[in-house]
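Analysis of the macromolecular model
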2 protein chains.
Amino acid sequence: MEWNVQKMKKQERLQRASHMMRGKIIQAENIVPVLESVVYPNDRVVLEGDNQKQATFLSQALASVDPAIVHGLTMLIPAVSREEHLDLFEKGIARELNFAFAGMQSVRLAKMLEDNQLKIGSIHTYLELYARLLVDLIPNVCLVAAEMADEDGNLFTGYSTEDTPILVEATAFKDGIVIVQVNDIVEKGVLPRVDIPGDWVDIVVRSDEPYQMEALFTRDPAKIRESHILMAMMTIKGIYAKHGVMSLNHGIGYNGAAIELILPTYGESLGLKGKICRHWVLNPHPMMIPAIEKGWVESIYAFGGEKGMEKYTEARSDIFFTGNDGTLRSNRAYAQLAGLYGIDLFLGATLQMDYLGNSSTVTSGRLSGFGGAPNMGHNTRGRRHSSPAWKEMMANPGRSLIGGKKLIVQMLSSSGRFGNNFVPELDAVEIGRNAGLDSVPVMVYGEDVTHVVTEQGIAYLYLAESEDERTTLMGAVAQGTPIGDMASPAVVERLRKAGKVALPDDLDIDPALATKDLLAAKSLDELVEWSGGLYEIPDSFKK
Amino acid sequence: MEWNVQKMKKQERLQRASHMMRGKIIQAENIVPVLESVVYPNDRVVLEGDNQKQATFLSQALASVDPAIVHGLTMLIPAVSREEHLDLFEKGIARELNFAFAGMQSVRLAKMLEDNQLKIGSIHTYLELYARLLVDLIPNVCLVAAEMADEDGNLFTGYSTEDTPILVEATAFKDGIVIVQVNDIVEKGVLPRVDIPGDWVDIVVRSDEPYQMEALFTRDPAKIRESHILMAMMTIKGIYAKHGVMSLNHGIGYNGAAIELILPTYGESLGLKGKICRHWVLNPHPMMIPAIEKGWVESIYAFGGEKGMEKYTEARSDIFFTGNDGTLRSNRAYAQLAGLYGIDLFLGATLQMDYLGNSSTVTSGRLSGFGGAPNMGHNTRGRRHSSPAWKEMMANPGRSLIGGKKLIVQMLSSSGRFGNNFVPELDAVEIGRNAGLDSVPVMVYGEDVTHVVTEQGIAYLYLAESEDERTTLMGAVAQGTPIGDMASPAVVERLRKAGKVALPDDLDIDPALATKDLLAAKSLDELVEWSGGLYEIPDSFKK
């Protein structure tokens, strides 16, 4: 019996392209025939669509192969973010999609699924998809992007390492073919640093344009509303300070941005510097600049790079993880790991929550996936180390021996543009059913949420003694909406006295002070000022 | 304000040792003065004690520094496994210990804690400790072991990569000093492969002896008892086949070994090949050889290397992850990740379980820590992809939207050498209290256990509708012991009919057939035969 078939096949594949290769390097104009030589029908192919970075050149090339030669592919794409990611299925090149996030392509994806133009393997979180690359979705081919390569294939991923290392490792060590597009090829010995050894790389191509990169996490302070600021004040005082939260992650959005921007004003006035929020797992949000400059932050470990923060992260290497060359080293797999096990709190915003506290960002006609939030936004029972904040969450242990819980904070307005945000049943329930999903696409489970913050107050769900009380607590901070009827004024009073609900008054917060004056920076321009000119506003945020 | 202090300090540290460095290389006899130059008082120091691999030379050197120069260290040691790991504390070089597993040193560690000779930061699982290296336990210095380095510091970790990559990455990209002991230093360009780029490495030393390595997971088939075999038969038929388990991990021990060794005999007779157990996250257990040779296994992703399996893994590269050089590439951080999110089932054995299903291997006088089991042995609610086995575990969802559960199987005899194995309160409760731990050192929480297997039968805990019923189900398979009194014969009958408990008879298993004849190999020698001479019995297993 033959036990090294994969190694032989790898040689065979590379042999078929060898006439177009000079060492590991191929010419850009040969990328399509090279792919037609090394990608076999029915292969599993990883394509680097990340949150921020896109292997644009390679995704376009793969969408240009002849479907008579390459077809039936199972695509593994962390973030489905470009037209050609889905063109692959329309053209008959690919058949099955496994992904974590779909963002911009979520509407088209839902439509294509309905029209039977593709089969969805599974929708994952990032970390789950990486895990399966090592188990039952081992790739045959991997298409990724880096900043530079040298002639031996050593890679400098640059500022935005993101998903690249784990995608490459899973492929390279199971005899898959690793193909990398780079912005530049340099001689041996002159790479600023090596992020991935050349040994792991088979084919390098200099793309005709640099890979695409987006500033996904940047939020313009000018767009933060006063309700965000009030909720931020309550969160800082009623959650971060109350429990002594030292390490945390903020999801994307204006709610987190408001907190980040009032730490050095409101937080400072409460004397909280050094007592909360010292260690972060976070993309390099520019909104963090004032807090960093004022000495609030000890460390930030990043998932990816955020456009515009290149020079700032390099100049603040005491805070950020950087290489000897000075450039940020991000790593989504490790940051998701840090966000899972290394921090006490995850804070996210949502648009819809059911009466048990389940929330979802899935809305009608979109199949947007999960990204990383469910991984960071759940209480892992695999954790065994303790911290004061974590321990405090086991207020009602019953007979359980579990020592603590991660703090999972969900922020939402009690009502929004489309009516009530608290609903008896999530839209996701019907959407999941219609899309034929195996389970309801919930972003964060009610079982895991410890705090719900609305513009009315904080519901301390970790203190709820039953599912019904969970509902009542949310009702107490959504008065004037249907779920509010579950908590009469007398009940609200009782819950406030019991410390299970806190309104601004209970926290000694004057809502009239929740104005933009509290924002340490009121615009992106002011962030540039705070940074001493190191932060550069991305083009997409310029008029 | 100065924002690159860590980078400057790193240069300062290296400068102090520069007269002993030729490029990155130092002589073995200079290791103690080099450590005295680059390690500063109160540093956080990672020391590579892994499960299998030990940076022996560096741990001995660190224990030899002058405590007047180097003291107050916080040690970060995944596995505390050598005398000198604890000598550091007796000598006043180190003060605080953060670790995941203590194995051989667990008795001495408990004693030293009692005598106030060290402070325990936290006891972690492996993955948690790695996570905190990126958040609030960022190392200043990292001491690791590899097989070979070249003159630029590029590392070939060889067969047992284990924890090295993540320990190095966390240190190298936050301006810490990375020091590596290697068995050999070679010229540029001749390393079999590069596992870690030289850019990430500051100091390389060739140790006087190769690093220590143990065959921790090997179990001699000759020591497997018939009760193990009966439990293995029930597990295969009543769990793996019943739920269609495709991907899994086995903990260390004879219970897992028995399953591995009867897959190609008993499993084959049931026609299960290809229908269960195709993808594994597992060290290269030699006990897997017969199953591999008979075509049961598609892939195995390994935490570390298991001594004796070097040639076999290389010759079976279709199954194992290997480099272009042919050698196994293991990676504990990624394997723990795969074990967390990429598999359907974790199976472990335990010595003691309480009436709620909590189990612990912590016994009196030992502080052995957790290793990796709690990470793999819990139901992560961060998972969003589905599988048939996972989905089946949500038999009683109530109002919950959660779509599935990981299968967590715990095996134990109903009674053992020291009396009953099911106890009203775990010994760990009092031990944790006496050691001043923040929470009870439970290995696997009862809330997470889906199946308990004893020599009497299987309790399907995932079907329990209350905490009390969980107890009754365990009682049904521990008749004749105190917990057995919780399930009268009539109750047992009812539970068998309801499918909540299965005895051998219910599974159509004849206990008389549970003999050693079912083992595909009855000794390590027979495993060598199965492997065609590729497997080499480690010295520690030879008389």
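Residues numbered from 1 in each chain as written. Chains lettered and ligands numbered in written order. Predicted model: local features only at pLDDT ≥ 70, side-chain atom pairs only at ≥ 80, totals over all residues. Heavy atoms only, no water.

1. With respect to the overall build of chain A
When helices and strands are counted, chain A shows 18 helices and 24 strands. Computed over the C-alpha atoms, the radius of gyration of chain A is 24 Å, within 12% of the 24 Å expected from 2.2 N^0.38 for a compact globule of 543 residues. Along the first, second and third principal axes, the C-alpha set of chain A runs to 80 × 50 × 50 Å. Each of the 543 residues in chain A was classed as buried or not, and the buried ones make up 67%. In chain A, of all internal contacts separated by at least 6 residues, the share reaching a separation of at least 24 is 74%. As presented, chain A carries roughly 17,800 Å² of accessible surface, and 49% of it is formed by carbon and sulfur atoms. In chain A, 53 side chains carry a positive charge and 70 a negative one; their mean positions are 4 Å apart. (Helix = DSSP H or I, 4+ residues; strand = E, 2+ residues; numbered from the N terminus. Rg over C-alpha atoms; globule rule 2.2 N^0.38 Å. Buried < 20%, exposed > 50% of the residue type's maximum accessible area, 1.4 Å probe, protein only. Contact = heavy atoms within 4.5 Å. Areas by Shrake-Rupley, 256 points an atom, 1.4 Å probe, with all protein chains shown as cover. Lys, Arg positive; Asp, Glu negative; His and termini not counted. Charge placed at Lys NZ, Arg CZ, Asp CG, Glu CD.)

2. Details of the pairing of strand β7 (residues 119–123) of chain A
Residue and element names in this part refer to chain A. Bridge count for strand β6 (residues 94–101) against β7 is three bridges, and the pairing is parallel. Pairing of Leu97 across the sheet is with Ile120, part of β7. Remark: the β6/helix α5 (residues 106–114)/β7 crossover connection has right-handed handedness. (Pairing = 2+ DSSP bridges. Right-handed = clockwise from strand over helix to strand, strands pointing away.)

3. Topic: the pattern of salt bridges
For the coordinates displayed, the defined rule picks out 66 salt bridges over all chains. The shortest N-O distance in the salt bridge between Glu162 of chain A and Arg332 of chain A comes to 2.5 Å. Here the residue Glu162 of chain A occupies a position in the loop between β9 (155–156) and α7 (164–172), and Arg332 of chain A occupies one in helix α12 (residues 332–341), the gap between them amounting to 170 residues. The exposure classification of Glu162 of chain A matches that of Arg332 of chain A, with both residues buried. Among the salt bridges present, the one from Lys311 of chain B reaches Glu536 of chain B, with a minimum N-O distance of 3.2 Å. Of this pair, Lys311 of chain B sits in helix α11 (residues 310–315) while Glu536 of chain B is found in the segment after α18 (524–530), placing the two residues 225 residues apart along the sequence. Judged by its relative accessible area of 46%, Lys311 of chain B falls in the partly exposed class. (Salt bridge = Lys/Arg side-chain N within 4 Å of Asp/Glu carboxyl O.)

4. Some words on the relation of the copies chain B and chain A
Superposition of the two copies of the chain requires a rotation about an axis and a shift along the axis. Here chain B sits on chain A after a turn of 180° about the axis and a move of 0.0 Å along it, with an RMSD of 0.0 Å. Both chain copies can therefore be described as sitting about a two-fold axis. Interface overlap between copies: 100% of the residues of chain B at the interface are likewise at the interface in chain A, consistent with a symmetric, same-surface contact. (Least-squares fit on C-alpha atoms with pLDDT ≥ 70 in both.)

5. Brief notes about the environment of Glu2 of chain A
Of note, Glu2 of chain A is situated in the segment before α1 (5–17). Residue Glu2 of chain A is classed as partly exposed on the basis of its relative accessible area of 42%. In this structure, Glu2 of chain A is in contact with Met8 of chain A together with Asp318 of chain B, ignoring residues within four places of it in sequence. Among the polar contacts made by the side chain of Glu2 of chain A, one reaches the main-chain amide nitrogen of Asn4 of chain A at a distance of 3.4 Å. (Polar contact = N/O pair within 3.5 Å; in protein donor to acceptor, adjacent residues only side chain to side chain.)

6. Let's talk about the packing of helix α1 (residues 5–17) of chain B against helix α2 (residues 31–38) of chain B
Residue and element names in this part refer to chain B. Look at α1 against α2: their axes get within 8 Å of each other, and the N-to-C directions meet at 150°. Compared by their axis directions, α1 and α2 come out roughly antiparallel. Here the hand of the crossing between α1 and α2 comes out right-handed. Between α1 and α2, the residues in contact are Arg13, Arg16 and Ala17 and Val34, Glu36, Ser37 and Val38, respectively. A breakdown of the residues in the contact of α1 with α2 according to their chemical character gives three nonpolar, one polar and three charged. (Axes fitted to C-alpha atoms, helices over the stretch in contact; angles between N-to-C directions. Parallel < 35°, antiparallel > 145°, perpendicular 65-115°, else oblique. Left-handed = near helix turned anticlockwise from the far one by under 90°. Nonpolar A, V, L, I, M, F, W, Y, C, P; charged D, E, K, R; others polar.)

7. Points about the nonpolar core
Met75 and Tyr240 of chain A together with Met75 and Tyr240 of chain B are the most contacted members of the largest nonpolar core, which has 366 residues in total. If we ignore the near neighbours within four places in the chain, the residues touching Tyr240 of chain B are Thr235, Val245, Leu248, His250, Ile259, Ile276, Cys277, Leu345 and Leu347 of chain B. (Core = buried A, V, L, I, M, F, W, Y, C linked by side-chain atoms within 4.5 Å.)

8. Some details on the environment of Asp318 of chain B
Mapping Asp318 of chain B onto the fold places it in the loop between α11 and α12 (332–341). Not counting residues within four places of it along the chain, the set of residues in contact with Asp318 of chain B comprises Glu2, Trp3, Asn4, Val5, Gln6, Lys7 and Lys174 of chain A together with Glu298 of chain B. A distance of 3.4 Å separates the side chain of Asp318 of chain B from the backbone nitrogen of Asn4 of chain A, its partner in a polar contact.

9. Things to note about the packing of aromatic side chains
As enumerated under the stated definition, the model contains eleven aromatic pairs over all chains in all. Each ring, one from Tyr312 of chain A and one from Phe320 of chain A, has its centre 6.4 Å from the other, and the planes form 80°; the classification is edge-to-face. Per residue, the accessibility class of Tyr312 of chain A equals that of Phe320 of chain A, and both read buried. Directly above the aromatic system of Tyr126 of chain B lies the positively charged group of Arg332 of chain B, at a separation of 5.2 Å from the ring centroid. (Phe/Tyr/Trp six-rings, centres within 6.5 Å; stacked < 30°, edge-to-face > 60°. Lys NZ or Arg CZ within 6 Å of the ring centre and 35° of its normal.)

10. Overview of the sheet that holds strand β24 (residues 501–502) of chain B
All names here are of chain B. Spatially, β15-β14-β13-β16-β18-β22-β23-β24 is the arrangement adopted by the eight strands of the open sheet, whose pairing is mixed. Where the open sheet ends on each side, the last strands, each with one partner, are β15 (299–301) and β24. Pairing of strand β23 (residues 458–460) with β24, which is carried by two bridges, proceeds in the antiparallel orientation. Bridged to Ile458 within β24 is Ala502.

11. What about the pairing of strand β3 (residues 44–47) of chain A?
Regular strands place their side chains on alternate faces of the sheet. All names here are of chain A. Judged from the three bridges that link them, β3 and strand β5 (residues 73–79) form a sheet pairing that is parallel. Note that in β5 the partner of Arg44 across the bridge is Thr74. Sheet topology places β3 next to strand β8 (residues 141–150); three bridges connect them, and they run parallel. From the neighbouring strand, Leu47 faces β8, where its bridge partner is Leu143.

12. Here we look at the confidence of the model for chain A
With 100% of its residues at a pLDDT of 70 or more, chain A shows a mean pLDDT of 96. Quick note on the complex model: pTM equals 0.98, ipTM equals 0.97. (pLDDT = per-residue confidence, 0-100.)

13. Let's talk about the interface of chain B and chain A
Residue-level contacts link 97 residues of chain B with 97 residues of chain A. Roughly 8,500 Å² of surface becomes buried between chain B and chain A when both sides are summed, with 54% attributable to carbon and sulfur atoms. When residues of chain B are sorted by the area they lose upon contact with chain A, Trp3, Arg384 and Leu401 of chain B head the list and together hold 11% of the total. The tally of links from chain B across to chain A stands at ten salt bridges. One salt bridge connects Lys391 of chain B with Asp438 of chain A, and the closest N-O pair in it is separated by 3.1 Å. Between chain B and chain A we count 60 residue pairs in polar contact (both at pLDDT 80 or more) in total. (Buried area = accessible area lost by both parts, 1.4 Å probe.)

14. Digging into the sheet that holds strand β24 (residues 501–502) of chain A
Residue and element names in this part refer to chain A. Sheet architecture is open: eight strands sit in the order β15-β14-β13-β16-β18-β22-β23-β24, paired in mixed fashion. Pairing within the sheet leaves two strands with one partner each, and these edge strands are β15 (299–301) and β24. Across the sheet, helix α8 (residues 226–243) is in contact with β13 (247–250), β16 (345–349), β18 (407–411), β22 (451–453) and β23 (458–459); its angle to β18 comes to roughly 170°.

15. Some points on the environment of Thr157 of chain B
All names here are of chain B. Along the polypeptide, Thr157 turns up in the loop between β9 (155–156) and α7 (164–172). The exposure class of Thr157 is buried, given its relative accessible area of 0%. Measuring from C-alpha to C-alpha, the distance between Thr157 and Asp195 comes to 6.1 Å, with 38 residues separating the pair along the chain. Ignoring any residue separated from it by four or fewer positions in sequence, one finds Thr157 in contact with Ala146, Glu147, Thr164, Arg193, Asp195, Ile196 and Tyr211. Of note is the side chain of Thr157, whose polar atom sits 2.8 Å from the side chain of Thr161.

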